[in-house]
Amino acid sequence: MDVLTALLLLVHLIPVSAAKNGVSSKSRKRILPEPATEPPVTDPVYEALLYCNIPSVAERSMEGHAPHHFKLVSVHVFIRHGDRYPLYVIPKTKRPEIDCTLVANRKPYHPKLEAFVSHMSKGSGASFESPLNSLPLYPNHPLCEMGELTQTGVVQHLQNGQLLRDIYLKKHKLLPTDWSADQLYLETTGKSRTLQSGLALLYGFLPDFDWKKIYFRHQPSALFCSGSCYCPVRNQYLEKEQRRQYLLRLKNSQLEKTYGEMAKIVDIPTKQLRAANPIDSMLCHFCHNVSFPCTRNGCVDMEHFKVIKTHQIEDEKERREKKLYLGYSLLGAHPILNQTISRMQRATEGRKEELFALYSAHDVTLSPVLSALGLSEARFPRFAARLIFELWQDREKPTEHSVRILYNGIDVTFHTSFCQDHHKRSPKPMCPLENLVRFVKRDMFVALGGSSTNYYDACHREGF
Ligand SMILES: *[C@@H]1O[C@H](CO)[C@@H](O)[C@H](O)[C@H]1NC(C)=O
Ligand SMILES: *[C@@H]1O[C@H](CO)[C@@H](O)[C@H](O)[C@H]1NC(C)=O
């Protein structure tokens, strides 16, 4: 199947937005599997299309759903940046010609795109912690630079922002009308694609995008571990996980053969080709409907793509089974989860600050958090993926608070390891905040299997 056929097929598979054709979501037939929670099907082309996350596709969203007597207290949003240009080139080939300027007459489009560009082009004043001030505020190169956010990426986050605005601001009135900078907590890594993704989301989200109310903090670590990054045991888990990955690859003779063929086409040693991580570049060709590169020795093609993508899916399966990545994730995600529960606990005390937190991040940020929460069946974070923690207060019992966890609009609360048994043990319709707090403060470390009961001990366990 070529890229075009695959794209068209996808467009036909997706149910039209329920609102548009007047069908209630209940009567809408489920054509696609639940993208967030069901074990991935193993069709590599289908998986790749979900990963592209091409806008215009109708989206399901379960954000903001709670029984009537619950009040929304705070929201914590983790995003992966939107669609970007590859980080690596395939040596000796022409890199894909993708335009990273933002223009109205190119798809995908969003009604707020031009206003976004015009607002950003006026500059920001001092809205960012150093060194974010040196980054461009929106993509603007006729031939994308390496890793640059594309128009697709901007539109994905304008859409995310608008969706969250309709639910959290219009419906649930999360922010007061005279909201101020204190009510937002914004943090991004130092890449232009994450800063720009965060800005696009906020531009879609906020009722008035006023630079005086925006302050982005800089996070040097992709794990968002701030002052708690030093953790030797986490690094040991990662080394073992990388070893597992390497051994699995060696076992896959079809994969080795494919790399060999591709190396011949581009006329470099196989080792060098593999080191250039060609799937990253191939996914860009695929997501943008640009044919794979050719040389006078032949073309990289869809069969190569399928073999590599299929291997990725198998790798993720083994990764879940071997649980080394889980060990890495529990330690890697602890600091950011700890920070999140602290912020939630302050909100339960009635403090009106940091009601909306946004972390603009990477696949290597979201993936460990998902894994640590026990959402091992969740798909690898696609472009513009969003993971959301909602904090709710029961108006009938104001001292009781609950959390909901959503991944790409799907409610995964009762798939998490801290709330999956909740239904069996409790008549309450929502997952209590205490479950999450207990998990982060203690059960995460118990899950590692040693005798450690806190982060420091778990990170320095001897003889691991
Ligand atoms: C993909 O590209 C082909 C030719 O390059 C073009 O004819 C087709 O319309 C494109 N498909 C989509 C879905 O954009
Ligand atoms: C967890 O949060 C508490 C309260 O903010 C803080 O005192 C503690 O140092 C944090 N621990 C880690 C490992 O980040």
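Residues numbered from 1 in each chain as written. Chains lettered and ligands numbered in written order. Predicted model: local features only at pLDDT ≥ 70, side-chain atom pairs only at ≥ 80, totals over all residues. Heavy atoms only, no water.

With an unreviewed UniProt entry as reference, the chain is termed 2-phosphoxylose phosphatase 1, source organism Saimiri boliviensis boliviensis. The UniProt entry for the chain carries the following text under Subcellular location (unreviewed entry): "Golgi apparatus membrane". In its Sequence similarities (unreviewed entry) section, the UniProt entry covering the chain states "Belongs to the histidine acid phosphatase family." (UniProt positions renumbered as here; feature names shortened; annotations may be inferred.)

Participant: Even after reading the chapter, I still don't get a nonpolar patch on the surface, so can you show me in this structure?
Facilitator: A contiguous nonpolar surface patch, about 270 Å² in accessible area, is contributed by Y246, L247 and L250. Looking at L247, the relative accessible area reads 39%, which means it is partly exposed. (Patch = residues over 30% accessible without salt bridge, like charges linked within 9 Å, V, L, I, M, F, W, Y side chains within 5 Å. Areas by Shrake-Rupley, 256 points an atom, 1.4 Å probe, with all protein chains shown as cover. Salt bridge = Lys/Arg side-chain N within 4 Å of Asp/Glu carboxyl O. Buried < 20%, exposed > 50% of the residue type's maximum accessible area, 1.4 Å probe, protein only.)

Participant: Teacher, can you tell me more about the site of ligand 2 here?
Facilitator: What surrounds ligand 2 is the set S228, H334, N338, S342 and Y455. Within the side chain of S228, a nitrogen or oxygen atom sits 3.3 Å from an oxygen atom of ligand 2. Within the contact set of ligand 2, an oxygen atom lies 2.4 Å away from a side-chain nitrogen or oxygen of N338. For ligand 2, whose unbound accessible area comes to 360 Å², protein coverage reaches 46%. Tallying contributions element by element places helix α12 (residues 324-348) first for the shell around ligand 2, with 3 residues. The residue makeup of the shell around ligand 2, split by class, is 1 nonpolar, 4 polar and no charged. (Near = heavy atom within 4 Å. Polar contact = N/O pair within 3.5 Å; in protein donor to acceptor, adjacent residues only side chain to side chain. Helix = DSSP H or I, 4+ residues; strand = E, 2+ residues; numbered from the N terminus. Nonpolar A, V, L, I, M, F, W, Y, C, P; charged D, E, K, R; others polar.)

Participant: Even after reading the chapter, I still don't get the packing of helix α3 (residues 44-52) against helix α10 (residues 278-287), so can you show me in this structure?
Facilitator: A pair of packed helices can be characterised by two numbers: the angle between their axes and the separation between those axes. Between α3 and α10, the shortest axis-to-axis distance is 10 Å and the interhelical angle comes to 80°. By the criterion of interaxial angle, the relationship of α3 to α10 is roughly perpendicular. For the pair formed by α3 and α10, the contact residues are V45, A48, L49, Y51 and C52 on the first element and L283, F286 and C287 on the second. Looking at the contact of α3 with α10 residue by residue, the classes come out as 8 nonpolar, no polar and no charged. (Axes fitted to C-alpha atoms, helices over the stretch in contact; angles between N-to-C directions. Parallel < 35°, antiparallel > 145°, perpendicular 65-115°, else oblique. Contact = heavy atoms within 4.5 Å.)

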